[in-house]
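Residues per chain are reported as follows:
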Amino acid sequence: MKNIPHLIVGCVLVCTPVASLEAETLFKLTFDSASGSSNVYESAADDVLPPGLVFKRMPQGDVAPLEVKTSDGFQGGRALVLDPSQGTRHQGYYVDRKHPPFPEFPESGVIPRVTGITQEAVVFFGEYLPGQGEILSQWGVGGMQPCLFLKGNNLNAPVIRFSVGGVGLECDPGPDFLGRWHHIAGVFSRVDGQFELEIFLDGKSLGKHAEAKPSSPQASYLVPYRGVSIGTHVLLVEKPTQPTRTPIGKIDAVALSLDVLDPKTFVLPVGPKASGR
């Protein structure tokens, strides 16, 4: 079900219960045919993008363009390069939080009563600056706003953080994290009034956290196609005083799915094919 044409997703949202969207991949970007010099992301053959969804280059203007180079990781194809030395540390792609809803979507653009979310990324970080580095995040639209990013206050000592609806989990990826390709996943589920979060690294669980569901009525809805950023924090451009950093490395692919996935069902590979994945 992961590659169901997104032209019909909005109609499914309007006409049938949300449960019918289980295992749906809301979007997947591989960067395999993207041109960093373009102001709009150019989709590749294996990407999953609903018609009309526009990922813009960040930042735009008279700065060095994004680099999208041949990948040497297990995802293959091409990868988005994050390198602050290129002239700016705010790099990546984003969907504006004012992005118009799709014709088939409810006007609000909201999926209500969400019970499962999975964020994935295939990444390589050679080093890490103090602060917070985005991988796949959402901001400024209310609701669950899932975020998968790196966080750390010491040079070259990041932790992986995954948060949904104000509930967060942080895990130490260990000393071998830097300098190697990895699959990272944050998995959210809502069970019996609790928010349950789990972080995976290369197909293995790093940690879990369960917490009572937030009381806010917004805590269980998702606005999947607005305010999304990949490899950057767009708010940093709007509010330059925020202490966010762009990681130094590469992002080979990202994916967001409306379901509770696991290492056997993740959209992106968790390791080299030779490992059996």
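What counts, and at which threshold
Residues numbered from 1 in each chain as written. Predicted model: local features only at pLDDT ≥ 70, side-chain atom pairs only at ≥ 80, totals over all residues. Heavy atoms only, no water. Helix = DSSP H or I, 4+ residues; strand = E, 2+ residues; numbered from the N terminus. Buried < 20%, exposed > 50% of the residue type's maximum accessible area, 1.4 Å probe, protein only. Contact = heavy atoms within 4.5 Å. Areas by Shrake-Rupley, 256 points an atom, 1.4 Å probe, with all protein chains shown as cover. Phe/Tyr/Trp six-rings, centres within 6.5 Å; stacked < 30°, edge-to-face > 60°. Salt bridge = Lys/Arg side-chain N within 4 Å of Asp/Glu carboxyl O. 1 Å grid on protein atoms, 1.4 Å probe; cavity = no way out; pocket = protein on both sides within 12 Å on 5 of 7 lines; lining within 4 Å. Points joined across faces, edges and corners; volume = space filled by probe spheres on them. Nonpolar A, V, L, I, M, F, W, Y, C, P; charged D, E, K, R; others polar. pLDDT = per-residue confidence, 0-100.

1. Examining the overall build of the chain
Now for step 1: Of regular secondary structure, the chain possesses 2 helices and 15 strands.
Now for step 2: Out of the 277 residues in the chain, the part that is buried amounts to 53%.
Now for step 3: Long-range pairs, those at least 24 residues apart, make up 66% of the contacts in the chain with a sequence separation of at least 6.
Now for step 4: In the structure as shown, the chain presents an accessible area of about 11,800 Å², 51% of it carried by carbon and sulfur atoms.

2. Observations concerning the packing of aromatic side chains
Two measures describe an aromatic ring pair: the distance that separates the ring centres and the angle between the ring planes.
Now for step 1: Taken as a whole and assessed by the stated rule, the structure comprises 9 aromatic pairs.
Now for step 2: Between the aromatic rings of Phe 31 and Tyr 93, the centroid separation amounts to 6.2 Å while the plane-to-plane angle is 25°, which identifies the pairing as stacked. Note that Phe 31 is positioned in the loop between β1 (24–29) and β2 (56–58) and Tyr 93 in strand β5 (residues 92–95), a separation of 62 residues in sequence.
Now for step 3: On the accessibility criterion, Tyr 93 (0% relative accessible area) is buried.
Now for step 4: Ring centres of Phe 124 and Trp 181 lie 5.6 Å apart, and the angle between their planes is 45°; on these two criteria the pair is classed as tilted. Placement of Phe 124 in strand β6 (residues 116–127) and of Trp 181 in strand β11 (residues 181–191) is noted, with a sequence separation of 57 residues between them.
Now for step 5: Owing to a relative accessible area of 13%, Trp 181 belongs among the buried residues under this scheme.
Now for step 6: One aromatic cluster is present, formed by Phe 27, Phe 31, Tyr 41, Phe 55 and Tyr 93 through successive ring pairs.

3. Topic: the pattern of salt bridges
Now for step 1: Going through the model one piece at a time under the given rule, you end up with 4 salt bridges.
Now for step 2: A salt bridge links Glu 170 to Arg 161, with the shortest nitrogen-to-oxygen separation between them at 3.1 Å.
Now for step 3: Each of Lys 151, Arg 161 and Glu 170 takes part in one network of salt bridges that share partners.

4. Brief notes about empty space enclosed by the protein
Now for step 1: Scanning the model with the defined rule gives 3 cavities of 30 Å³ or more in all.
Now for step 2: Residue contributions to the lining of the largest cavity peak at 3 residues, all from strand β7 (residues 131–138).
Now for step 3: Considered class by class, the residues forming the lining of the largest cavity number 8 nonpolar, 3 polar and no charged.

5. Concerning the confidence of the model for the chain
Now for step 1: Scored by pLDDT, the chain has a mean of 80; 75% of the residues are at 70 or more.
Now for step 2: Segment residues 1–22: pLDDT under 50, and 42 contacts once partners within four positions in sequence are set aside and those in other chains are kept.
Now for step 3: Scored below 50 in pLDDT, residues 234–238 shows 15 contacts in the model against residues more than four places distant or in partner chains.

6. What about the environment of Gly 227?
Now for step 1: With respect to the helices and strands, the residue Gly 227 is situated in the loop between β13 (204–212) and β14 (228–230).
Now for step 2: Judged by relative accessible area, Gly 227 falls into the buried class, the value being 0%.
Now for step 3: Here the alpha-carbon distance between Gly 227 and Gln 138, two residues 89 residues apart in the chain, equals 5.2 Å.

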